[in-house]
Structure formats: structure tokens, C-alpha cells
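# Reading the structure
So the chains spell out like this:
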Amino acid sequence: MIKGKKILLGVTGSIAAYKAVLVVRLLIKAGAEVKIIMTKGANDFVTPLTFSTLSKNKVSVDLFEEGTWANHVELGRWADVFLIAPATANTLAKMAHGICDNLLQATYLSAACPIIIAPAMDEEMWHHQATQQNIDCLRDRSHQIIPVNNGELASGIFGEGRMAEPEDIVQYLHFFFENKNTLTGKNVLITAGPTYENIDPVRFIGNHSTGKMGIAIAEEMWARGAEVTLVLGPSQEKVNAKINTIRITSAEEMYQTCMNHFDQNDYIIMAAAVADYTPATKEKQKIKKSEDSMHLDLVKTKDILMEAGRKKTPQQILVGFALETENENQFAKEKMKKKNTDFMVLNSLNDSGAGFGHATNKITIFEKDGQVHEFPLKSKKEVAVDIINLITSNENI
């Protein structure tokens, strides 16, 4: 899918710039046309001659060269995608805050194409709050961030921050072009996050769900062209501002919202961790501590997935989630049958790195026809891709 695509590559001042050389070689080999912008810092690691030789195009470095003006607007409009690899912490900060002090930044601010970023830096820089806030800001602008790797860094330590390998970056681009707009015209309803069931004005029953998994699915669906409605419980996670996000608190609010939006959707993906029980009485004033123990009378909440399974038509695909701690496969299959879902996504708290709060997940997907698909531990962004690839391969929609 890369053949014939116009790819603008931005290279910044990181030791990982040497990997960008191989990225260019692989892109040219795949049939892409590549133009390159380098920052002056990148020149300290790789020469423009190397890139121009491989790409057969002049490499641009300065806004003004030999008395002429480098047309950053033209470069930004020429490209089908603007790939920045490696992207240093400094460049990420400039992009997030709109600083325009070099040709790369001027082109970024003028670009009319999708932006894909492959960060590269030391672990402490990668995990710094400022860097992560900049990453969140860029994601909010619908830019795609290629996950960093864990490995040996320039400092000699081992940790996160290593730029993705060239082959993985090129594969990412293949996937980007292959799946772009494949879900245009489709409507998707997704639930994510926990629900909070109030006991009194300051206390509630809840769980440790962050909403990361459901949000990742929503953003991947949106990136493929779908119209997405995300019903999100209490969560601190950032969501792409272009996704229609409806924030709720309680299971009852999630139920009512889902039912109001159910009929017009092609895919319904229930990834939220909805409370099974809610206090029978919600006190209007804070309960004062008095006795050594306190008893709560709890009643069942409405079963959103069960009602969805009852309402769905043959033209709709319903996906449920099961988080289990024992007899995982058996319980997931039973839940799929009972709730009448087309797919059931299982993750187990017994798997290291899976479940609530983690950036990673390990899943097994069950189909109602009996097929079982097991996946290794991956980032939740990658897990979202696996889920969507499988459920959208169904030809009934």
C-alpha cells in the first residue's frame, strides 16, 4: 500500500537518526516517493548527502538556503503523510506549543496531511511529565504516535524511549495506508472506563478501570473513518477531541445513554467495567463514622450487555468483554452465550501486564461460531488493532 505514496520524513537531532537512513531505504524499496527535512541537530549524526543519495531528492535543512526561501507550505501539501522519525523531546515540545524556529517546525504547522511521530530519547526524558503532556497534546490533535521500544539506550542504560525499529515504522505506514477510511460510513458505539455508584456525596463503589482499552478502540475506529460515540465513565485518560465522547458516572447513566444511541450503530463494543451492584439508598448527606461496622444494602444494576444482546439485529455486531480471575475460558464462553454477543474479549488478572491500569493487555477473543484467537501481550493500542481487524472482517456488516 506504500507504493506511489508521497512521504515527507522529518529527521531531528537524535542518535536514532541513523535508523532514519534505513527507513528511507525501505520506503524507496517499497515504491514510495520520499522527501526529507532535517534539523541542524540531525546533521551532527547523519549528513544530508546520505539522505539525498537514497531518496534521489534534495534534502531541506534551512528556511533560507542560497538566497531562496524553502517553501514549507508546499512541502506540507505535497505529502500524503508527514513522518517525524526520530522525534526528540525538544521537537515534541516545539510541536505541542507551536514554536516555529526551523524548517521542520514551519512545515509541521503548515502540513495539510496526517502526522505520524516516532519518538526517541532516554528513559527519564520519555517518562517526564512534560514529555508525556506533550505526547497527550499531540494525540489530541489526532497525530499518531508510534510506540517506543524498551531496550539499550544511548546513555547505556536499558529502558523505554528507544525509537521503533525501521522495519516496524515502515510496517506501521503500510498498515496506516491499508486501513485509512476502511470504516467510512460505519457507526460505532463504545463503552469504556468504570462506573461510580454513590453511597453518599463523598463516597462511592467503583473499580480500578482507567478506560485505556476502550479509548484505544475508539481512537482506532475513528482513525479508520468510522463515526464513533464513546460512552466514558469517570476517567483521567485523554480522548481525541474529534470523537463524540459522552461522559457519565453511574451504571444507570451508562445504560440510558447506550440505549438512546443503540439502534443507529453498526458495531457495539462494550469495554466498560460497569458496577454489578449499586447502593439501594444513596444518602444525601455524608455518612458520619459512628459504629465499628457499617452495612450497605446493594441492589443489582441493569445489565447493559444483556439488554444489548436482546436488542441487537442480525446487521449489528456486538462485542463484550470479560475480565476473569479463574476458569477464564469457561466463564467467557458462558458469558458470550448468555449475553448473545458475536465476540467476547477475555483478559485475565492472572496474566502479568494485563487488566486495569496497565498500558499493555493480553487477550483471547472468542467467536460465537466457536473459533478462538489468542494474542500475546501487547500495548493496548496494538490490542485495539487486533480486536478491530477481527470484528470488522465479518461480512454481514
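Above this text sits the structure in question.
Let us look at the structure shown here.

Moving on, we get to the overall build of the chain. Secondary structure summary: the chain contains 13 helices and 23 strands in total. Computed over the C-alpha atoms, the radius of gyration of the chain is 24 Å, within 12% of the 21 Å expected from 2.2 N^0.38 for a compact globule of 397 residues. Split by element, the accessible area of the chain, about 19500 Å² in all, is 48% carbon and sulfur. Computed over 43 positive and 48 negative side-chain charges, the separation of the two mean positions in the chain equals 4 Å.

As a further point, take the packing of helix α4 (residues 89-97) against helix α7 (residues 129-140). Where α4 meets α7, the closest approach of the two axes is 9 Å, and the angle between their N-to-C directions is 50 degrees. In terms of orientation, α4 lies oblique with respect to α7. In this structure, the crossing between α4 and α7 has a hand that is left-handed. Two secondary-structure elements touch here, α4 through Ala 89, Leu 92, Ala 93, Met 95, Ala 96 and His 97 and α7 through Thr 131, Asn 134, Ile 135, Cys 137 and Leu 138. In terms of residue class, the contact of α4 with α7 is built from 8 nonpolar, 3 polar and no charged.

The 5 strands lie next to each other as β2-β1-β5-β6-β7, forming an open sheet whose pairing is parallel. Looking along the sheet, the strands with just one partner apiece sit at the ends: β2 (33-38) and β7 (144-145). Pairing between strand β6 (residues 115-119) and β7: 2 bridges, direction parallel. Bridging from a neighbouring strand, Ile 116 pairs with Gln 144 of β7. Contacting β5 (81-87) and β6, α4 crosses the sheet at an angle of about 150 degrees to β6.

Before going further, it helps to spend a moment on the pairing of strand β15 (residues 267-270). Across the two faces of β15 the burial is the same, with Tyr 267 and Ile 269 and Ile 268 and Met 270 all buried. Where β15 and strand β18 (residues 317-324) come together, 4 bridges link them in parallel fashion. Bridged to Met 270 within β18 is Gly 320.

About the cut-offs
- Residues numbered from 1 in each chain as written.
- Predicted model: local features only at pLDDT ≥ 70, side-chain atom pairs only at ≥ 80, totals over all residues.
- Heavy atoms only, no water.
- Helix = DSSP H or I, 4+ residues; strand = E, 2+ residues; numbered from the N terminus.
- Rg over C-alpha atoms; globule rule 2.2 N^0.38 Å.
- Areas by Shrake-Rupley, 256 points an atom, 1.4 Å probe, with all protein chains shown as cover.
- Lys, Arg positive; Asp, Glu negative; His and termini not counted.
- Charge placed at Lys NZ, Arg CZ, Asp CG, Glu CD.
- Axes fitted to C-alpha atoms, helices over the stretch in contact; angles between N-to-C directions.
- Parallel < 35°, antiparallel > 145°, perpendicular 65-115°, else oblique.
- Left-handed = near helix turned anticlockwise from the far one by under 90°.
- Contact = heavy atoms within 4.5 Å.
- Nonpolar A, V, L, I, M, F, W, Y, C, P; charged D, E, K, R; others polar.
- Pairing = 2+ DSSP bridges.
- Buried < 20%, exposed > 50% of the residue type's maximum accessible area, 1.4 Å probe, protein only.

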